Amino acid sequence: MPHPSEEISPLPVRIPLVTQPMGVLASLRAARTNLLSIIPDIATRQPMVSGRTGKRWHMVMDPGALKRMLLEKLDNYPKSDVTKNMLRPAIGESLFIAEGAHWRWQRRATAPAFSHRNVSNLAPVMSDAAIRTVERVGAHTGHAVNLYDEMVATTFDVISEVTFSQDQGIDRSAVHDAIEQYIVEAGKVSLFDIFGLPDWIPRPGRMVSGQAMKATKSLADRAIEARSKRQSDGVPDLLDLLLAGEDPETGRRMNTAEMRDNLLTFIVAGHETTALALSWSLYLCAFDPAVQDEARQEARNVLGSRSRFDAEDLPKLGLIRRIVDEALRLYPPAALVSRTAREADELCGREIRPGDTVMVPIYALHRHHQLWVDPDAFRPDRWARGKVDRYAYLPFGDGPRICIGASFALQEAVLILATLLSRFRFTAIKGRDPDPVMILTLRPEGGVWLECEPL
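What counts, and where the lines are drawn
- Residues numbered from 1 in each chain as written.
- Predicted model: local features only at pLDDT ≥ 70, side-chain atom pairs only at ≥ 80, totals over all residues.
- Heavy atoms only, no water.
- Helix = DSSP H or I, 4+ residues; strand = E, 2+ residues; numbered from the N terminus.
- Contact = heavy atoms within 4.5 Å.
- Areas by Shrake-Rupley, 256 points an atom, 1.4 Å probe, with all protein chains shown as cover.
- Buried < 20%, exposed > 50% of the residue type's maximum accessible area, 1.4 Å probe, protein only.
- Arc of directions from axis to C-beta.
- Phe/Tyr/Trp six-rings, centres within 6.5 Å; stacked < 30°, edge-to-face > 60°.
- Lys NZ or Arg CZ within 6 Å of the ring centre and 35° of its normal.
- Core = buried A, V, L, I, M, F, W, Y, C linked by side-chain atoms within 4.5 Å.
- 1 Å grid on protein atoms, 1.4 Å probe; cavity = no way out; pocket = protein on both sides within 12 Å on 5 of 7 lines; lining within 4 Å.
- Points joined across faces, edges and corners; volume = space filled by probe spheres on them.
- Nonpolar A, V, L, I, M, F, W, Y, C, P; charged D, E, K, R; others polar.
- Pairing = 2+ DSSP bridges.
- Axes fitted to C-alpha atoms, helices over the stretch in contact; angles between N-to-C directions.
- Parallel < 35°, antiparallel > 145°, perpendicular 65-115°, else oblique.
- Left-handed = near helix turned anticlockwise from the far one by under 90°.

Trainee: Would you mind going over the overall build of the chain with me for this structure?
Mentor: On a plain count of helices and strands, the chain comes out with 16 helices and eleven strands. When contacts within the chain are restricted to residue pairs at least 6 apart in sequence, long-range pairs at least 24 apart make up 75% of them. For the chain, the computed accessible surface area is about 20100 Å², with 54% contributed by carbon and sulfur atoms.

Trainee: Quick question: what am I supposed to make of helix H2 (residues 63-72) here?
Mentor: In an α-helix there are 3.6 residues to a turn, and that puts residues three or four apart on one side. All buried positions along H2 are accounted for by Pro63, Ala65, Leu66, Met69 and Leu70. When H2 is viewed along its axis, its buried side chains cluster within an angular range of 160 degrees and face the same direction. Looking at the buried residues of H2, the elements they touch are strand E2 (55-60), strand E4 (337-340), strand E5 (345-347), strand E7 (357-360) and helix H15 (362-365).

Trainee: Quick question: what am I supposed to make of the packing of aromatic side chains here?
Mentor: Within this structure, the stated rule accounts for nine aromatic pairs. Measuring from centroid to centroid gives 6.0 Å for Trp280 and Tyr283, while their planes differ by 85 degrees, and the two rings are edge-to-face. Remark: Tyr283 and Trp280 occur in helix H12 (residues 256-287); sequence separation between them is three residues, near one turn of the helix. Residue Tyr283 is classed as buried on the basis of its relative accessible area of 6%. A centroid spacing of 6.3 Å and a plane angle of 35 degrees characterise the contact between Tyr283 and Phe287, whose relative ring orientation is tilted. Of this pair, Tyr283 and Phe287 both sit in helix H12, separated by four residues, roughly a single helical turn. Cluster of aromatic residues (ring-pair linked, three or more members): Trp280, Tyr283, Phe287 and Tyr331. Directly above the aromatic system of Trp372 lies the positively charged group of Arg329, at a separation of 5.2 Å from the ring centroid.

Trainee: Mind showing me how you'd approach the nonpolar core here?
Mentor: Where a protein is soluble and globular, its nonpolar side chains tend to be buried together. Counting residues in each nonpolar core, the largest one holds 131 residues, and the members touching the most others are Leu36, Met69, Leu147, Ile320, Leu347 and Phe426. Of all the elements, H12 adds the most residues to this core, at 15 residues. If we skip the residues at most four places from it in the chain, Ile320 touches Ala295, Glu298, Ala299, Val414, Leu417, Ala418 and Leu421.

Trainee: What's the story with the environment of Asn121 in this structure? I'm lost.
Mentor: With respect to the element layout, Asn121 can be found in helix H5 (residues 116-121). For Asn121, a relative accessible area of 37% puts it in the partly exposed group.

Trainee: Just to check I follow, could you spell out the layout of surface pockets for this structure?
Mentor: By rolling a water-sized probe across the atoms, one finds the places where empty space is left. Its boundaries defined by the atoms lining it, the second largest pocket holds a volume of some 710 Å³. As for the second largest pocket, its lining consists of 26 residues, and the residues nearest its centre are Arg321, Asp325, Tyr393, Phe396 and Leu410. Elements with a contribution of two residues or more to the lining of the second largest pocket: H5, helix H14 (318-330) and helix H16 (406-423). At five residues, the largest contribution of residues to the lining of the second largest pocket is made by H16. Taken together, the residues that form the lining of the second largest pocket break down as 14 nonpolar, six polar and six charged.

Trainee: Help me understand the sheet that holds strand E8 (residues 424-428), please; the structure alone is not making it clear to me.
Mentor: Pairing is antiparallel in the open sheet, where three strands are placed in the order E3-E11-E8. Of all the strands in the sheet, the pair left with one neighbour each is strand E3 (144-146) and E8. Sheet twist, expressed as the average angle between the axes of neighbouring strands with direction ignored, equals 45 degrees. Relative to strand E11 (residues 449-454), E8 runs antiparallel, the two being bridged by five bridges. Its bridge partner lying in E11, Phe426 is registered against Cys452. Sitting on the sheet, H16 is in contact with E8 and E11, with an inclination near 90 degrees to E8.

Trainee: Quick question: what am I supposed to make of the sheet that holds E2 here?
Mentor: Each strand in a sheet pairs with another by means of backbone hydrogen bonds, the pair being arranged parallel or else antiparallel. Sheet architecture is open: four strands sit in the order E1-E2-E7-E4, paired in mixed fashion. Both outer strands of the open sheet, strand E1 (48-53) and E4, are each paired with one neighbouring strand and no more. Neighbouring strand axes in the sheet, compared pairwise and without regard to direction, differ in orientation by 25 degrees on average. For E2 and E7, the ladder comprises three bridges, and the chain directions are parallel.

Trainee: Before we go on, may I ask you to explain the packing of helix H7 (residues 147-164) against H16 in this structure?
Mentor: The geometry of a pair of packed helices is captured by two quantities: the angle between their axes and the separation between those axes. Where H7 contacts H16, the axes come no closer than 12 Å and their chain directions differ by 130 degrees. When the interaxial angle is binned, H7 and H16 end up oblique. Along this stretch, H7 crosses H16, giving a crossing that reads as right-handed. Touching Met151, Thr154, Thr155, Val158, Ile159 and Val162 of H7 are Phe408, Glu412, Ile416 and Leu420, all from H16. In terms of residue class, the contact of H7 with H16 is built from seven nonpolar, two polar and one charged.

Here's what the structure looks like:
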């Protein structure tokens, strides 16, 4: 028997990875249930894994090779057709999907909207939404609360306020429902996509959810056109900033359709990923009460007698930021991304042919035994020991296509988590652990059910 001090602490929930080869149909069935279940366990121990499932594929976990893909040879590794086919009906040729020159001018035009100053100016919206969440959660004292549902509501509250703050006629719940429906249906890997059949062949799930998205696009178009005709008051919201944006090199501005597709991209990405980061952070705080108590003390010390946090508090909330970073390591929202090689190349000494699928299994990268100590353990203190390899940690991607809203998401997550920890003690419920499942994003299947004790 090991000495008590040598016993291995229980680990937070994780996904059992594949230990045996899978064929095309088995891979498809697994991917439709949980996309991460196709990742071989060896991907957490090797720099690169290759195979063939209908077509040649490679999974890359080596930081040097990832730097080559995401920075040095960016144009040779565009997003895969599977990714584009899933998302194009909802967000068109927006920043997330566009390639080459069409992507570059959009990035230049939208970048100012996400400057440090503009993101900091939106902190009061985030803190106000956090206070409303405290009131909702507090109303359920004595009952278990699904914090995943609460975080989705909170972050959609934020993103709708910073995009439609001056548009009282917008049915925000209809927008949310349409986006949620599309994510659930369109995110399921289609056999047609796996085999690269063209877009004009109908995908049944997307036909159903596409009607709701069509109505949402019309609603967004009307909001954009109405806003462009009137003067904005007060602190500009995201829609104001996007309307003012132009490519500094060409002077080009977005038309209504381009604006709408990017606005819907920001709405989807701006609440889904942050809600997930918060949900997993709360699960981990309940998993490790000692870390939770220390983080609560930090939050209360910083808040003092005030009612809410602001942007100036962020540098003082170091542990809470480390909890968010660790949650994003263990449960990255975009836990597997896919690229298609355009030209011949070499990664980790292995041949890459044009047309090969090159995947970045971020879930495996973040739990790689050669890159992380105790990779499956929840250890927020690891972030206080110095920098990790830049390409070993990719919750927001990297290189020129790093997520444009990363600073927005991190500021929002830290402010909301600090607010909640300062008001409640969160306790895990035995037998109600969430199940990490990835369809389009890595969600806590079954919810994050916790007891919330007001303080």
